[in-house]
Amino acid sequence: DQQVKQNSPSLSVQEGRISILNCDYTNSMFDYFLWYKKYPAEGPTFLISISSIKDKNEDGRFTVFLNKSAKHLSLHIVPSQPGDSAVYFCAAPRKGGSEKLVFGKGTKLTVNP
Amino acid sequence: DAGVTQSPTHLIKTRGQHVTLRCSPISGHKSVSWYQQVLGQGPQFIFQYYEKEERGRGNFPDRFSARQFPNYSSELNVNALLLGDSALYLCASSFVGVTNTEAFFGQGTRLTVV
């Protein structure tokens, strides 16, 4: 039961352009959503989150948008930098806090110089 | 400040063997969760421990077990290893029951079963 879905396994963009990573979910009970970034040979690192009562959260170059009616969220990175090249995971807590997270399969972002 | 630390970083085991993976959470975090990440997939929740008690379990067989110690560190044990257990095992620590907070992950233990 894939409650969090990332349907694009990979994305390639040019440096300086916008990267848009998408995530869909099926469980309308999720309270908030998180994005993690993962480099090879490292654990996931937290990037940004959004509460289900908001439709946008911004942190520097990173903005997450939430469309509850569509059960869809997206992560925008502007401008994209080569150091942003990593695998990005969308996640949501099963219940309560972030002790039990449900992850998507991830999207591998490549930012070309 | 030390983050979540896991040991060992890499491990090679033979089918049928047993393995123990270790995790130390961030200071102040009392909850430790374990995840399995196989190639091409996102991390899958295995266990959550809080105050030495199991508070959640994912869809994994009984060959997987874990425990938490009084200092909140944790061990994940896997018995009768199968080839399919080859994966990156991640440990995460977090506060309990606080919404809108993130979990912090260690660098993982790469387990290869041959």
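Just so it is clear, the model here is predicted, and its values are computed rather than measured.

On to the pairing of strand β4 (residues 31-37) of chain B, then. Residue and element names in this part refer to chain B. Here β4 lies mainly inside the structure; seven of its seven residues are buried. Here β4 shows a buried face lined by S31, S33, Y35 and Q37 and a second buried face lined by V32, W34 and Q36. Across six bridges, the pairing between β4 and strand β5 (residues 44-50) is antiparallel. In the strand pairing of β5, Y35 is matched with F45. The turn linking β4 back onto β5 is made up of six residues, and G40 within it adopts a positive phi angle of 85°. The sheet contact formed by β4 and strand β9 (residues 87-94) spans seven bridges and is antiparallel.

Opposite the 22 residues of chain A that make contact, chain B presents 27 residues. Summing both partners gives a buried area of about 1,800 Å² for chain A against chain B, and 54% of it is carried by carbon and sulfur. The largest share of the area that chain A buries against chain B comes from A:E99, A:K100 and A:F103, three residues that together contribute 29% of it. Taken together, chain A and chain B are joined by zero salt bridges. Put simply, the parts of the chain that give the side of chain A that touches chain B at least two residues each are β4 (32-38), β5 (45-51) and β10 (101-103) of chain A.

Turning our eyes to something else, we now look at the nonpolar core. Soluble, globular proteins show a tendency: their nonpolar side chains are buried together. With 24 residues, the main nonpolar core has A:F33, A:W35, A:L73, A:L75 and A:Y88 as its most contacted residues. When contributions to this core are tallied by element, the ones reaching two or more residues are β3 (19-25), β4, β5, β7 (62-67), β8 (72-77), β9 (86-93) and β11 (107-112) of chain A. Here this core gets four residues from one element, more than from any other, and that element is β9(A). By size, the runner-up hydrophobic cluster in this structure holds 22 residues, among which are B:C23, B:I46, B:F64 and B:A66.

Attention now goes to unusual backbone geometry. All names here are of chain A. The amide bond that connects V78 to the next residue, P79, takes the cis arrangement and shows omega of -10°. A positive phi angle is found at A41, which is not glycine, with a value near 65°. Mapped onto the elements of the fold, A41 is located in the loop between β4 and β5. Backbone geometry at K71 places phi at a positive 50°, although glycine is not the residue there. Relative to the elements of secondary structure, K71 occurs in the loop between β7 and β8.

Here the structure, examined in full by the defined rule, presents seven salt bridges over all chains. Residue A:K56 is joined to A:E58 by a salt bridge in which the shortest nitrogen-to-oxygen separation is 4.0 Å. For B:E51, the salt bridge identified is with B:K30, shortest N-O distance 3.9 Å. Taken together, the residues span a long stretch of sequence, with B:E51 in the loop between β5 and β6 (53-57) and B:K30 in the loop between β3 (19-24) and β4 at a distance of 21 residues. Overlapping salt bridges, with partners in common, bring together B:R22, B:R67 and B:E75 in one network.

With that settled, the discussion passes to the sheet that holds β8(A). Residue and element names in this part refer to chain A. Strand order across the open sheet formed by five strands is β1-β3-β8-β7-β6, with antiparallel pairing between neighbours. Looking at the sheet topology across the chains shown, the edges are occupied by β1 (4-5) and β6 (56-59). Where β1 and β3 come together, two bridges link them in antiparallel fashion. Bridge pairing in β3 places K5 opposite D24.

Residues and elements named next belong to chain A. Taken across its seven residues, β5 has five buried, putting it largely inside the fold. Strand direction decides the pairing type here: β4 and β5, joined by six bridges, are antiparallel. The residue bridging W35 from the neighbouring strand is I48, located in β5. Linkage of β4 to β5, two consecutive antiparallel strands, is achieved through a turn of six residues, within which A41 is found at a positive phi near 65°.

Here is what the cut-offs are and how they apply
In every chain, residue numbers begin from 1 and rise along the written sequence. Chain labels run from A onward and ligand labels from 1 onward, assigned in the order the entries are written. At least 70 in pLDDT is required for a residue's local features to be given in this predicted model, at least 80 for side-chain atom pairs to be given and counted, and no such filter applies to totals for whole chains, interfaces and linings, which use all residues. With hydrogens and water excluded, all non-hydrogen atoms of the structure serve as input to the side-chain values. Relative accessibility under 20% of the residue-type maximum defines a buried residue, over 50% an exposed one, and the middle range a partly exposed one, all with a 1.4 Å probe and only protein chains included. Elements are defined by DSSP. Helices are runs of H or I of four residues or more, strands are runs of E of two residues or more, and each kind is numbered from the N terminus. Any two strands with at least two DSSP-identified bridges between them are counted as paired. The contact criterion used is simple: two residues touch if any of their non-hydrogen atoms lie within 4.5 Å. Buried area counts how much accessible surface, traced with a 1.4 Å probe, disappears from two parts once they are put together, with both parts' losses summed. For this document, the term salt bridge refers to a Lys or Arg side-chain nitrogen within 4 Å of an Asp or Glu carboxyl oxygen. By nonpolar core we mean a set of buried residues, namely Ala, Val, Leu, Ile, Met, Phe, Trp, Tyr and Cys, connected to one another through side-chain atoms within 4.5 Å.

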